[in-house]
Amino acid sequence: MQLLETIKQLPSSAGIYQYFDKNGHLLYVGKAKNLANRVKSYWKFTPKLGANTNLSVRIKKMIEQTVSMNYIVVNSEHDALILENSLIKQLNPKYNILLRDDKTYPYIYIDNSQEYPRFEITRKIIKSKDITYFGPYSVGARDILNSIYEICKLVQKKGSLKSKKLCLYYQIEKCLGPCELPVSKERYQKEIDLATKLIKNKTFLTKNLKEKMNFYAQELRFEEAGELRDRIERIERSEIKSDIDFATDENYDIFVIEHSPKRAVVVRIFMRHGKIISSTHNYINLNEGFNINEAYSRALIDFYKDEKPPIVAPILVANMFDDLELIEEHLSKIFEKKASISMPQRGKKKDLIALAKLNAAELLSRETNISNTKIVEDIQDLCHLERVPLRIETFDNSHMAGVATVGAMIVYENGKFDKKSYRTYHLNARDEYAQMRETLSRRVASFSKNSPPDLWILDGGATLLKLALEILESNGVFLDVIAISKEKVDAKAHRAKGKANDIIYTKEEAFRLKNSDKRLQFIQNLRDESHRAAITFHKKTKLKLDQESKLLNLNGISPAKVQKLLNHFGTFEALKNVTQNDISSLLNTKDAKTIKNIYK
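Residues numbered from 1 in each chain as written. Predicted model: local features only at pLDDT ≥ 70, side-chain atom pairs only at ≥ 80, totals over all residues. Heavy atoms only, no water.

A. Fine view of the overall build of the protein. When you go through the protein residue by residue, the secondary structure sums to 21 helices and 23 strands. With the C-alpha coordinates of the protein rotated into their principal frame, the extents come out at 85 × 75 × 55 Å. Here the protein, with 600 residues, has 51% of them falling under the buried criterion. Here the contacts in the protein between residues at least 6 apart in sequence split such that 61% fall between residues at least 24 apart. Summed over all atoms, the accessible surface of the protein reaches about 30100 Å², with 50% contributed by carbon and sulfur. Computed over 98 positive and 77 negative side-chain charges, the inter-centroid distance for the protein is 3 Å. (Helix = DSSP H or I, 4+ residues; strand = E, 2+ residues; numbered from the N terminus. Buried < 20%, exposed > 50% of the residue type's maximum accessible area, 1.4 Å probe, protein only. Contact = heavy atoms within 4.5 Å. Areas by Shrake-Rupley, 256 points an atom, 1.4 Å probe, with all protein chains shown as cover. Lys, Arg positive; Asp, Glu negative; His and termini not counted. Charge placed at Lys NZ, Arg CZ, Asp CG, Glu CD.)

What follows is the structure, given as structure tokens:
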């Protein structure tokens, strides 16, 4: 038996291991300090190879589906941790926990080495010797920054000091005018101190904004008053209300994970200078149960990534977990100092954990109430999907006679379209098949940064479905795929809402549903949204192409020559970046010189 032989031959080295089912689909990626010991702990070897009896229900179910395995030897357990995390994000194995939150959070900072410093926003450490950071902020950083410049008489724009002349901001009393006037450092520092107090105390900030808003309203400046009203609402909405105040300058990053049978939520709360300044959360879809160790490992690795944060704070967690020391070692390398992860047992730090747990429970309850899970569970049953498709990506392409060829990907999650996650692609391929290949291949190439969803839906038929499955298989990724092709009426695609009897294709079969079927309408809705996104991007691209073509035509480059250039270089953007010699290899020297002069 090949699996048994592989297990027997495992080395006692650090590494990662991968379990596969009978169809070659990846079930699980794990890491080990000692591969032989770790993998053997899953199995009993007599009377025949099978799952160890002391395993959890989740892991036992996985082992019962395992028919083969691979492993990779690495230099250390830390290297195994990094490789494991990378493979999970790219391949989304069925039994691993995957967080899709890839955001970095902004900080407000000030460079005190400047003569008249300004507050700005960053997501990374700024290379300067005298920087003060505030944050991170899950939302509201820009609103806070704008509010500072609304209230405080600071240098408003980076280039203002260079002009050496007083500008409008001085006239409207939003700047002291150090560009021209002899403003003392002591006077300017008073504005810096006020801004710092506003950043650290949101209650004080919103109180000042409300006073400013009322002033604008009394002056009948209703548009400016309305902008401040909306900003106040966003700032107030961004924070967790709490009476916890350490009355010291203590900083903490708090992580709490709670779960229901189908979902988990990660809550992060950031305390700075003894006060809670912001919080954030994201949900985890639980495909095959929950594992607290894996959840905390993923949450901490994914949040801090591989760059030192501007503010390094001790980390508080609600649960101890197996890899705590390993994660501490990993974060210490990133932080360039000893990382601290602890589970508080008493006092105000435990109160912080309790606050985070309370918010996590509320978020789970709210998600259960609002999420549109019934329809996606029905889609799972209808199409025999491996997973409940809580996150879905749908694809379509668009062009006009081979011109302005584009692809679009839309994303549906938690009962709504996630428009921030939409993606569009400029394509070089000519026919529909090659266009979809290019679109899907580019999406797969981005899995390392933006993990796979639960389901792909393609606007097309059986041929494109097979193509998608081949692309995924060649990259070692398994995810469910279905396709929907438009019903043909008089040889034309029929899109009439509520009347189109489209065909749905799965890996095993093709079928039609009544046009009144909610499941068909759901899939059609996603297909139509991807079509809308593709058409919109195509029109935008076509307009830009037409403008570029007219510019070249007006300078003596004929439409035929323009088309020849596009056929060779693909896009006008690519054309702008090539040399005159590259262009003269297609056109004459005079035309090549003209084009380079246009795109200087």
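Next comes the rest of the description.
B. Spatial organisation of the environment of Gly226. Considering the arrangement of structural elements, one finds Gly226 in helix α10 (residues 222-237). In the structure, Gly226 is positioned 71 residues away from Ser297 in sequence and 44 Å away in space, judged by C-alpha atoms.

C. Structural view of the sheet that holds strand β9 (residues 252-259). Spatial strand order, β11-β10-β9-β12-β13: 5 strands in an open sheet with mixed pairing. Single-partner strands in this sheet number two, and they are β11 (275-285) and β13 (341-342). Note that β9 and strand β12 (residues 315-317) share 3 bridges and pair parallel. Note that in β12 the partner of Asp253 across the bridge is Ile315. Contacts between helix α11 (residues 292-304) and the sheet are confined to β9, β10 (263-272), β12 and β13, with β9 contributing the most and set at about 140° to the helix. (Pairing = 2+ DSSP bridges. Axes fitted to C-alpha atoms, helices over the stretch in contact; angles between N-to-C directions.)

D. View of the environment of Leu176. Following the sequence through the fold, Leu176 ends up in the loop between α7 (168-171) and α8 (185-200). A relative accessible area of 14% means that Leu176 is categorised as buried. Along the primary structure Leu176 and Ser332 are separated by 156 residues, whereas in three dimensions their C-alpha atoms are 44 Å apart. Beyond its immediate chain neighbours, meaning those up to four positions away, Leu176 contacts Lys153, Tyr170, Leu181, Val183, Arg187, Tyr188 and Glu191.

E. Focus on helix α9 (residues 202-218). The end-to-end C-alpha separation of α9 is 24 Å, in line with the 24 Å expected for 17 residues at 1.5 Å each. Residues of α9 that are buried: Lys202, Leu205, Thr206, Asn208, Leu209, Met213 and Tyr216. Along α9, the residues classed as buried sweep out an arc of 160° about the axis, all on the same side. In this structure, α9 carries Thr203 and Gln218 as exposed residues pointing more than 90 degrees from its buried face. You can read the cap of α9 off the contacts: a side-chain oxygen lies 3.1 Å from the backbone nitrogen of Thr203, and it is on Asn201. (Expected span 1.5 Å × (residues − 1). Arc of directions from axis to C-beta. Polar contact = N/O pair within 3.5 Å; in protein donor to acceptor, adjacent residues only side chain to side chain.)

F. Expanded view of the packing of aromatic side chains. Following the criterion strictly, the structure yields 21 aromatic pairs and no others. Ring geometry for Phe215 and Tyr216: centres 5.9 Å apart, planes at 50°, overall tilted. Residue classification places Phe215 among the partly exposed positions, given a relative accessible area of 39%. For Tyr216, a relative accessible area of 3% translates into the label buried. An angle of 90° between the planes, with centres 4.8 Å apart, marks the rings of Phe303 and Tyr304 as edge-to-face. A relative accessible area of 6% places Tyr304 in the buried class. Members of the aromatic cluster, joined through ring pairs, are Tyr105, Phe255, Phe270, Phe303, Tyr304 and Phe335. Between the NZ or CZ atom of Lys197 and the centre of the ring of Phe204, over which it lies, the distance is 4.3 Å. (Phe/Tyr/Trp six-rings, centres within 6.5 Å; stacked < 30°, edge-to-face > 60°. Lys NZ or Arg CZ within 6 Å of the ring centre and 35° of its normal.)

G. Quick look at the sheet that holds strand β7 (residues 119-122). An order of β7-β6-β8 is seen for the 3 strands of this open sheet, with the pairing classed as antiparallel. On the outer flanks of this sheet lie β7 and β8 (131-134), each paired with one strand and no other. Across this sheet, the average inter-strand angle for adjacent strands is 35°, counted without regard to direction.

H. Main features of the pairing of strand β14 (residues 391-400). Counting buried residues along β14, 8 of its 10 residues qualify, which places the element largely inside the surrounding structure. Alignment of β14 against strand β18 (residues 455-459), held across 4 bridges, turns out to be parallel. Across the sheet, residue Thr394 finds its bridge partner in β18, namely Ile457.

I. A look at helix α3 (residues 57-65). Among all positions in α3, only Arg58, Ile59, Met62 and Ile63 are buried. All buried residues of α3 fall inside an arc of 130° around its axis, so they share one side. Every exposed residue of α3 that faces more than 90 degrees away from the buried side is listed here: Val57 and Glu64. Those residues of α3 that are buried are in contact with β1 (15-20), β2 (26-32), β3 (43-44), β4 (50-51) and α11.

J. Layout of the nonpolar core. In this structure, Phe119, Leu154, Ile254, Leu331 and Ile341 are the most contacted members of the largest nonpolar core, which totals 80 residues. The residues contacting Ile254, other than those within four sequence positions of it, are Val267, Arg268, Ile269, Met271, Leu316, Leu352, Ile353 and Ala356. Core analysis: the second largest hydrophobic core is formed by 34 residues, Tyr425, Leu427, Met436 and Leu464 among them. (Core = buried A, V, L, I, M, F, W, Y, C linked by side-chain atoms within 4.5 Å.)

K. Region of interest: the side chain of Arg527. Position of Arg527 among the secondary structure elements: in helix α17 (residues 518-554). A polar side-chain atom of Arg527 sits 2.8 Å from a polar atom in the side chain of Asp528.

L. Main features of the packing of helix α15 (residues 432-445) against helix α16 (residues 462-474). At a closest axis distance of 10 Å, the pairing of α15 and α16 adopts a crossing angle of 30°. In terms of their interaxial angle, α15 and α16 are classed as roughly parallel. Read as a crossing pair, α15 and α16 show a hand that is right-handed. Only Thr463, Leu464, Leu467, Ala468, Glu470, Ile471 and Leu472 of α16 make contact with α15, whose side of the interface consists of Glu432, Tyr433, Met436, Arg437, Leu440, Ser441 and Val444. Here the residues of the contact of α15 with α16 are counted per class, giving 9 nonpolar, 2 polar and 3 charged. (Parallel < 35°, antiparallel > 145°, perpendicular 65-115°, else oblique. Left-handed = near helix turned anticlockwise from the far one by under 90°. Nonpolar A, V, L, I, M, F, W, Y, C, P; charged D, E, K, R; others polar.)

M. Layout of the pattern of salt bridges. The tally for this structure, following the rule as stated, stands at 37 salt bridges. A salt bridge links Lys262 to Glu377; the shortest N-O distance between them is 2.3 Å. Of this pair, Lys262 sits in the loop between β9 and β10 while Glu377 sits in helix α14 (residues 373-383), placing them 115 residues apart in sequence. Ionic pairing is found between Lys561 and Asp591, a salt bridge with its closest N-O pair at 2.6 Å. Taken as a pair, Lys561 in helix α18 (residues 559-569) and Asp591 in helix α21 (residues 589-598) lie far apart in primary sequence, 30 residues in all. Judged by its relative accessible area of 28%, Lys561 falls in the partly exposed class. (Salt bridge = Lys/Arg side-chain N within 4 Å of Asp/Glu carboxyl O.)

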